[in-house]
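Structural overview
Listed below are the residues making up each chain.
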Amino acid sequence: MNAADVAFPHLGIFIDELPKKFSLFGIDIAFYGVIISIGMLLGLLMACRQAKTTGQKTSIYTDYVIWGIIFSLIGARIYYVIFAWDHYKDDLLQIFNIRNGGLAIYGGVIAAFLSAYIFCRIKKYNFLLFWDTALCGLILGQAVGRWGNFMNQEVFGGYTDSFLAMRLNLANVNQTFVTDEMRAHIETIGGKDFIQVHPTFLYESLWNLMVLLLMIFFTKKKKFHGEISLLYLVGYGAGRFWIEAVRTDQLKIGSTGIPVSQLLSGILVVGGIIIWIIARRKADGNPVIPENMLAEAVANTGQNGGGNKAGSRKAKKEKGRKNRKTSEGSHDESEGDMTGFINRVIEAINEEDDVEIPPDSDD
């Protein structure tokens, strides 16, 4: 049998040696970092592509990306440290040593969400439109970034002999995440011990690409701003829920044994579906105007008289107040329920984030 350090034996793929880093001018550079950087760049390009497709300026996304990356890295680290506190409590300086890994994607997503909301408030840009667009880039970056885990020979699942089973040199992996079942199936080839595991990095990468395709497909069919964001939450959350159940490196809530990312994924899926159903019903008969058509209308309005713009915005807000008053009148009996609450939140965001969408001709 082939004694390659990494192999997919049922696929006939054998990699004799998989380096984790390379040297450039005497400086060690991790392949993980390179792949994450490539994922970020491709994510930005995807977001800009989606912006052009929907008639937005790409500059809003290039302006945000640096801030988004910085806060996402901070959020990913904080999230990981919180749920792996036992590893850091006796050596607090290790919290700042990210060269040894320790980033959690959900922490990064939460930080990106908060920083994007603040950014859009400052720029007076529609947050839900922005988030619909940016998340297409984010999930592509996630799909690419998982291959950094492959280079590190980490983020794998339990033992399997399935079609996609991955075989790893036991000496090259973190022993903490090697289960008794894996050890019971150790193979010795050429004097080396090997474990065979679920390639969860591959599962998630392929799943994310599938979700991305759905997000792109539904972008022109969405009925309200924020719908693509909900598709991301439900789609990514569903995939992460079952993949997390397979992984052996789960972050858990204290001593409960509950995987925090699996719990959060379940909450996102259920909550996302509920909000999606309510918001879609509310949007029936009132479809989203394509941004490029809206931009053209705004441009024409400006040509016909600059004062009309302010009047148009005032009329829109007045219409929103009337619609909200009508909605309140027709739902007096259910004003305190979850549906009424969600409706009011959606109306508030849509009204407060009112924004002129500029044409894409400058890019």
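Quick caveat, the model's predicted, so the values are computed rather than measured.

Another point: the sheet that holds strand 6 (residues 187-189). The strands that make up a sheet are held in pairs by hydrogen bonds between backbone atoms, and each pair lies either parallel or antiparallel. What the 5 strands build is an open sheet, ordered 2-1-5-7-6; its pairing is antiparallel. The sheet is open, and its two edges are formed by strand 2 (13-15) and strand 6, each paired on a single side. Averaged over all adjacent pairs, the angle separating strand axes in this sheet is 25°, with direction ignored. Where strand 5 (residues 166-169) and strand 7 (residues 192-197) come together, 4 bridges link them in antiparallel fashion. Its bridge partner lying in strand 7, Met166 is registered against Val197.

Turning to the packing of helix 8 (residues 227-246) against helix 9 (residues 260-283), a few remarks are in order. Running from N to C, helix 8 and helix 9 cross one another at 150°; their axes reach a closest spacing of 8 Å. Between helix 8 and helix 9, the interaxial angle falls into the category roughly antiparallel. Relative to helix 9, helix 8 is oriented so that their crossing is left-handed. Residues Glu227, Leu230, Leu231, Leu233, Val234, Gly237, Ala238, Arg240, Phe241, Glu244 and Ala245 of helix 8 form the contact with helix 9, whose participating residues are Ser261, Gln262, Ser265, Gly266, Leu268, Val269, Gly272, Ile273, Ile275, Trp276 and Arg280.

What follows concerns unusual backbone geometry. Its identity is not glycine, yet Phe25 carries a phi of approximately 55°, on the positive side. With respect to the helices and strands, Phe25 occurs in the loop between strand 3 (21-24) and strand 4 (27-30). A positive phi angle, close to 60°, is found at Lys124, a residue other than glycine. Relative to the helices and strands, Lys124 is located in the loop between helix 4 (105-123) and helix 5 (127-152). When its relative accessible area of 63% is taken as the criterion, Lys124 is described as exposed.

Cut-offs and rules
Residues numbered from 1 in each chain as written. Predicted model: local features only at pLDDT ≥ 70, side-chain atom pairs only at ≥ 80, totals over all residues. Heavy atoms only, no water. Pairing = 2+ DSSP bridges. Helix = DSSP H or I, 4+ residues; strand = E, 2+ residues; numbered from the N terminus. Axes fitted to C-alpha atoms, helices over the stretch in contact; angles between N-to-C directions. Parallel < 35°, antiparallel > 145°, perpendicular 65-115°, else oblique. Left-handed = near helix turned anticlockwise from the far one by under 90°. Contact = heavy atoms within 4.5 Å. Buried < 20%, exposed > 50% of the residue type's maximum accessible area, 1.4 Å probe, protein only.

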